[in-house]
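Examination of the molecular architecture
Each chain, letter by letter, is given below.
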Amino acid sequence: MTDLADLVTDTRVDLRIIASLIEPGSRVLDIGCGAGELLEVLERSRRVDARGIEISQKGVNAAVARGLAVIQGDADSDLSQYPDQSFDYVVLSETIQATHNARRVLEEMLRIGRKVIVSLPNFGHFDVRFRLMFLGRMPVSKRLPYSWYDTPNIHFCTISDFVALAHETGATVEQAITLNAAGRKLSLPLPEWLANLFGAQGVFLLSRQR
Amino acid sequence: MSDNIAEYETQDALRRNEADHPSSPVMRFMADQALPLDAGVALAPWQIAYQTYGELNADKSNAVLICHALTGDQHVASVNPVTGKPGWWSLMVGPGKPIDTDRFFVICSNVLGGCLGTTGPASTNPATGRPYGLDLPVLTVPDMVRAQKALVDALGITKLFSVVGGSMGGMQALQWAASYPDAMFSVIAIATSHRHSSQNIAFHEVGRQAVMADPDWCGGRYFDEGLNPKKGLAVARMAAHITYMSSESLHSKFGRNLQDREHLTFGFDADFQIESYLRHQGMSFVDRFDANSYLYVTRATDYFDLAADHGGVLANVFKGAKARFCLISFTSDWLYPTAEARAVVHALNAAGASVSFVEIDSDRGHDSFLLDIPEQFRIVRGFLSGAARARGIAGPANPETTK
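Structure report, in brief. What you see is a predicted model, and the numbers here were worked out from it, not measured in a lab. (Residues numbered from 1 in each chain as written. Chains lettered and ligands numbered in written order. Predicted model: local features only at pLDDT ≥ 70, side-chain atom pairs only at ≥ 80, totals over all residues. Heavy atoms only, no water.)

1. Some words on the interface of chain B and chain A
Applied cut-off: Two residues form a contact once any of their heavy atoms are found within 4.5 Å. Put simply, buried area is the surface a 1.4 Å probe can reach on two separate parts but cannot reach once they are joined, added for both. Salt-bridge detection follows one rule: a side-chain nitrogen of Lys or Arg within 4 Å of a carboxyl oxygen of Asp or Glu. Residues adjacent in sequence count toward polar contacts only when both atoms are side-chain atoms; beyond that, a polar contact is any pair of N or O atoms within 3.5 Å, and within protein one must be able to donate a hydrogen and the other to accept it. Only runs of H or I of at least four residues qualify as helices and only runs of E of at least two qualify as strands under DSSP, and these elements are numbered from the N terminus. Note on residue classes: Ala, Val, Leu, Ile, Met, Phe, Trp, Tyr, Cys and Pro are nonpolar, Asp, Glu, Lys and Arg are charged, and everything else, Gly too, is polar.
Each partner contributes residues to the interface: chain B has 24 residues there, and chain A has 19 residues. Summed over both partners, the interface of chain B with chain A comes to about 1,700 Å²; 43% of that surface belongs to carbon and sulfur atoms. At the junction of chain B with chain A, the criterion picks out 0 salt bridges. Between chain B and chain A we count 10 residue pairs in polar contact (both at pLDDT 80 or more) in total. The set of elements that each furnish at least two residues to the side of chain B that touches chain A consists of β13 (324-330), α11 (338-350), β14 (354-360) and α12 (374-391) of chain B. Its residues assigned to classes, the side of chain B that touches chain A shows 10 nonpolar, 7 polar and 7 charged.

In structure tokens:
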């Protein structure tokens, strides 16, 4: 097995965090998998049976050309084809803000997978709050690179918003990890309101309440 | 090829000889190895002609079966003995190609009902000493696959590394997965469907009617009269050929351009380039293909409906499927549009199978799968490399550098 750290030095740090939450040898569905970066990390470092859905044809074709099991599809409409509890983990990394019906997508994920992992950019981060409050403009940064008029992101939320949604859907938050703007894990376990202020990104491990 | 032509005078005669005595290797099955057919009878004796490329490895794990399309043949990457043309998929199959014969042992056989050495209507009926003609039972895609399975078994291969096909070949690949889920590690089905649509059947019926309306068809016994229904078969091919191309590609290739003339002739000659092109396609087809064979293979695809034996539920077809699947469709393919491939993908997902699916941008219609579409080559190479890694088949020293 290739060491996880060797594989993800160049990839998004949240992918490393997500990969570390996944048990080796499990079955994983990555929704919005792009060109398959996470899937490749999982296959090589975790020996998982990894599958992906991606909306952009370019991403899908690149992923399949890398030998990954990826199909073209839409998180909003194509999850119903998967049977109940057919995966150990269903992952949605940096994609929930681009879905039309985020709640429905989360419910479907909880139906398909025994565990659900979601990572999201935190719209409650102090940098975002600062830009809105003092500049009066929608935030554009390295982490949120789009202008309001051309963004694929239609449902931004904060860490606290997401935790509230998770509870509404009856999910249990098993782990919540907060990353700072540099993508490093905030070392201390923070109360939610602080995490919501200092976290640039949140990674959640959820399970359905029994 | 010139030697062959001299020997038989015409391509037509050369082709008729290939039906019983192909220049390819042949596996013959006698009375005790009859082939059960969906029509409810058993075929015996029967034979299957095939070509192989590359070497079978020691543990027999690197065999790839390629299934050809409607009027294709076993010469996927070797010169066709009748036309003298290169193999129909030599862009895809060969040393260093996406289906790399330095790495894989590639098998391609002529389909049951074909006319290039596997038993079909042009083959001699041992009961009469004359060609079968319409005395051969109507065949199906599952029959074709059963015949291929018998060949693969006879070659001593218990598990294929991959079954690959486009169009009718893709139907066979899917049928393989349905009939023999343990007999392959992966499946690639390109530009294909899980069943023939009403429109697909309609076009085939036009073709068959054209053949049968030719007086030279003689109720299917043209060989007894020394005739060949060339006109009918050519019209069938012309109609079919239109369905293999897209409106855009026809328009960009031919537009309304006139053929070797300045003005319209106010007659029924081929004024337009597209007419001349289609006539050429029709006429060059009749020398290399048997008219009755055309009836049989089109009928087989019309009868194709994977879900029919599974209560109409496609997902049930793939229950217990263990192979990894790759489906490819093309944006401008209106014969087997992307929605058909997507239906298969959904069924495979519902069955919990591992599946990759890509739609490739191409304006060249259904025929795209046979053409130089680099994206398709990248996909097939990538998918097979990933599968080969998982299967433990040795690869080229540095796959990154092979194009």
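Still more ground to cover, so stick around.
2. Concerning the nonpolar core
Let me state the cut-off plainly: Among buried residues, the Ala, Val, Leu, Ile, Met, Phe, Trp, Tyr and Cys ones that are joined through side-chain atoms within 4.5 Å form a nonpolar core. Burial here depends on accessible area, computed with a 1.4 Å probe over protein chains only, as a share of the maximum for the residue type. Under 20% is buried, over 50% is exposed, and the range in between is partly exposed.
Judged by nonpolar contacts, the single largest core of 112 residues is most densely connected at L160, F318, F325 and L327 of chain B. Not counting residues within four places of it along the chain, the set of residues in contact with L160 of chain B comprises A63, L65, I107, V152, W176, A183, M184 and F185 of chain B. Core analysis: the second largest hydrophobic core is formed by 59 residues, V48 and V70 of chain A together with I66 and F161 of chain B among them.

3. With respect to the packing of helix α7 (residues 247-254) of chain B against helix α8 (residues 273-286) of chain B
Residue and element names in this part refer to chain B. The test is simple: Each axis is a line fitted through C-alpha atoms, taken for helices only over the stretch in contact, and angles between the N-to-C directions span 0 to 180 degrees. When describing relative orientation, an angle under 35 degrees is termed roughly parallel and one over 145 degrees roughly antiparallel, while 65 to 115 degrees is termed roughly perpendicular and anything else oblique. By definition, any crossing whose near helix is turned counterclockwise from its far helix by less than a right angle is left-handed, and any crossing with a clockwise turn is right-handed.
It is at 9 Å that the axes of α7 and α8 come closest, and there the two elements cross at 110 degrees. As far as their axial angle goes, α8 and α7 are roughly perpendicular. Crossing angle aside, the handedness with which α7 passes α8 is right-handed. Touching L250, K253 and F254 of α7 are Q273, I274 and Y277, all from α8. Of the residues that constitute the contact of α7 with α8, the class distribution is 4 nonpolar, 1 polar and 1 charged.

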